[in-house]
Amino acid sequence: MSTIAEKILAKASVEKREVVKPGEYLNCNIDLAMGHIALAKVAANFMGIKKKYRKVWDNEKVVGILDHFSPAPSERWALAHQMIRKFAREQNFKYFYDIKEGICHQVLPEKGHVAPGMLIVGTDSHTTTYGAFNAASCGIGYTDMTIVFIKGTLWFRVPESQLFEINGKLDKRVMSKDIILYIAGKYGTDIGTYKSMEFVGDAMDNLSIASRMTISNMSLELGAKFGFTPPDEKIIKWLKPRTDRPLELVKPDEDAKYSETFQIEVDNLEPQVACPHSVENVKPVSEVKNVKIDQAFLGSCTNGRIEDLEIAAEILKGKRIHEDVRLIVIPASQEIWLEAAERGISKILIEAGGIIGNPNCGPCFGAHMGMLAGGENCISSSNRNFKGRMGSEKAGIYLASPATVAASALTGVITDPRDI
Amino acid sequence: MVKKEWNPVLKGTVWKFGENVDTDVITPGKYLDNLGECKKHVLETLDPEFPANVKVGDIIIADKNFGCGSSRETAPEILQDMGVAAVIAPSFGRIFYRNSFSIGFPLLEADNIAEFFNKGDIAEVNIETAVVKNLTTNKTIQCKEIPKILMDILKSGGQLELLKKELKARSKAEKQNK
Ligand code: SF4
């Protein structure tokens, strides 16, 4: 009678509860706590705590990573990075990833920190990404993180769970990003507020782990607390060579209770585009065709994985992008970057006119490496198109799949990747 | 953070916003490296008067999903720092919701709250009973009550203050045991 969220929270509860119900408040033990640039604030909070208690509860359960503003674009951020390195050293973090590794949500699973059934918190909203590995994971702020670092526990409200049944076969060059954008457009970005989402159905079963990560990642944009994709053998296969953690899948009971169930058919799904300035302002690509773009961004924790670079290379192979377009490609991790180099993917993208940057968040949240000026448009594989997110408030950000980003870079206008 | 005595009754002038006010329009990413500068731009794209004219004690009333978007705690922090006493909306982005209570910044939820207020109205809010009055139009709205666990955090002035209290008690107990 329990959903995935209810099972994981019950198991994590300090009181060791057998069963929990939506709406209950629990204190839970945290299995893993990830901190990024917000660690600078956690470190500052630590200074306000009595010296003898100023210590992380378990130095093997925390992971620090520098992925935002990496390498530091200004002295101010260099200072923040310096503070964080010092904090990680003082607190004897067993796992600390400096600027070269890549984006937190890619690096943590790659390095074996994530496994089914874990309760994970991170100082980043897209921490929901680990739902693709059957972990209950969500973003928190730095004050919450300070509490976790000291006590190893945090309060949770048991969320209602929603079921998204997604069936059908995706057309060639239609990607999981198109599914999640379609859901955002159809149901709005608050459909999942405070809730745990479970995405099931044959379309979900057929997706790769990388494609599922895109959906778990963007479930946050629909308001979700957790975003689970199918708990199946693909997860075990992906994680096995990377971790020695126990790999036991947490599946919902057959009679689990869902607050809502949604049915989605993807058989004839067109590529989707979220238009400025909201993730729910979604249109099929045919309705935004011919919008002129100045920049195309392929990267971020949503779509900076090898399959994303691969499909872009397939579209751009032997061609040159439009002369008025800047194509910025940022692999999500060093592992991905290396693979792209080894397999000749990077070469194709560079020869097509792309610029490849080091693995990090890059322009996704408006830090550096591709800000927009007023009046410019960017088609982006990232997850947010809020006003001013990538620079000027007068710039327009269009969110789309890596295939649509690559096709649009080629023509200079928003383009259906199936037309190339 | 301004520390003051816990008082459940707030009275202030209303600022009104629509739905899906995201954390990026509250604290835009490009000003995050300078919160002083950031204050001059809080919510300016939605209401250009806000940064210059917001006063201590003012209350924000918005439509659904206020504070959606990123986990940046600067969003509730800066509103609190600029004097905003509370935000009332039908729903909030969940991380904004957590972060607000974490720093002792009260939020109330009521489905149709936005219909009852215009910019400039005077609101009286009782955090404990969750009753909100529009003193300009003489209407009363019952919001959802704040769960006890969050009320305790609010009354302590935020989670850090609560933690410090706990650690003090722990320290005392340890000393007595010696
Ligand atoms: S890539 Fe973008 S969305 Fe992902 S963690 Fe970095 S800033 Fe956040």
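Just so it is clear, the model here is predicted, and its values are computed rather than measured. Residue indices follow the written sequence of each chain, beginning from 1 at its first position. To read the labels, note that chains go from A and ligands from 1, taken in the order they are written. Where local features are concerned, this predicted model is filtered to residues with pLDDT of at least 70; where side-chain atom pairs are given and counted, the filter is 80 or more; whole-chain, interface and lining totals use all residues. With hydrogens and water excluded, all non-hydrogen atoms of the structure serve as input to the side-chain values.

Take the overall build of chain A next. In terms of helices and strands, chain A carries 14 helices and 18 strands. We compute the radius of gyration from the C-alpha atoms alone; for a globule the expected value is 2.2 Å times N to the 0.38, where N is the number of residues. Against the compact-globule benchmark of 22 Å for 420 residues, chain A has a radius of gyration of 21 Å, which places it among compact chains. Along the longest, intermediate and shortest principal axes, the C-alpha atoms of chain A span 60 × 55 × 40 Å. Working definition: with a 1.4 Å probe on protein chains only, accessible area under 20% of the residue-type maximum means buried, over 50% means exposed, and in between means partly exposed. Out of the 420 residues in chain A, the part that is buried amounts to 64%. Between two residues, a contact is recorded if the distance between any of their heavy atoms is within 4.5 Å. Within chain A, residue pairs in contact and separated by at least 24 positions form 75% of the contacts whose partners lie at least 6 positions apart. The method behind every accessible area is Shrake-Rupley, applied with a 1.4 Å probe, and residues are considered shielded solely by the protein chains displayed. About 14800 Å² of surface is accessible on chain A, with carbon and sulfur atoms providing 50% of the total. Positive charges come from Lys and Arg alone, negative charges from Asp and Glu alone, with His and the N- and C-terminal ends not counted. A charge is said to be at NZ when it belongs to Lys, at CZ for Arg, at CG for Asp and at CD for Glu. Distance between charge centroids for chain A: 6 Å, based on 51 positive and 52 negative side chains. The helix and strand labels rest on DSSP assignments: H or I over at least four residues marks a helix, E over at least two residues marks a strand, and numbering proceeds from the N terminus.

With that settled, the discussion passes to the domain arrangement of chain A. All names here are of chain A. For chain A, the domain assignment lists domain 1 (4-263) and domain 2 (273-419). Spacing between the C-alpha centres of domain 1 and domain 2 amounts to 25 Å. Listed as interface residues are 39 residues of domain 1 and, on the opposing side, 39 residues of domain 2. Interface area for domain 1 against domain 2, summed over the two sides, is near 3200 Å², with a carbon-plus-sulfur share of 55%. Three residues stand out in domain 1 for area buried against domain 2, namely Ile103, Arg173 and Met175, and they jointly supply 22% of the buried area on that side. What counts as a salt bridge is simple: a side-chain nitrogen of Lys or Arg found within 4 Å of a carboxyl oxygen of Asp or Glu. For the pair domain 1 and domain 2, the number of links is 5 salt bridges. Between glutamate 335 and arginine 242 there is a salt bridge, with the nearest N and O atoms lying 3.1 Å from each other. N or O atoms closer than or at 3.5 Å make up a polar contact, with two conditions inside protein: a donor-capable atom paired with an acceptor-capable one, and, for residues adjacent in sequence, both atoms drawn from side chains. Along the contact surface separating domain 1 from domain 2 lie 25 residue pairs in polar contact (both at pLDDT 80 or more). Elements represented by at least two residues in the side of domain 1 that touches domain 2 include exactly α4 (104-110), α6 (176-187) and α8 (209-219). A domain assignment, automatic or from a database, supplies the domain bounds used here. Buried area is understood as the total, over both parts, of accessible area removed when two parts are fitted together, assessed with a 1.4 Å probe.

This paragraph deals with the pairing of strand β18 (residues 396-399) of chain A. All names here are of chain A. Taking every second residue as pointing to the same face, both faces of β18 are buried, with Gly396 and Tyr398 on one and Ile397 and Leu399 on the other. Bridge count between strand β17 (residues 377-380) and β18: 4 bridges; the pairing is parallel. Bridge pairing in β18 links asparagine 377 to glycine 396. Whether two strands pair comes down to DSSP finding at least two bridges between them.

Turning our attention to the site of the ligand. Around the ligand, the surrounding shell consists of His68, Ile103, Asp124, His126, Ser300, Cys301, Cys361, Cys364, Phe365 and Asn383 of chain A. Per-domain counts for the shell around the ligand show at least three residues from each of domain 1 (4-263) and domain 2 (273-419) of chain A. We define proximity as follows: a residue is near a molecule or strand when any one of its heavy atoms falls within 4 Å of that partner.

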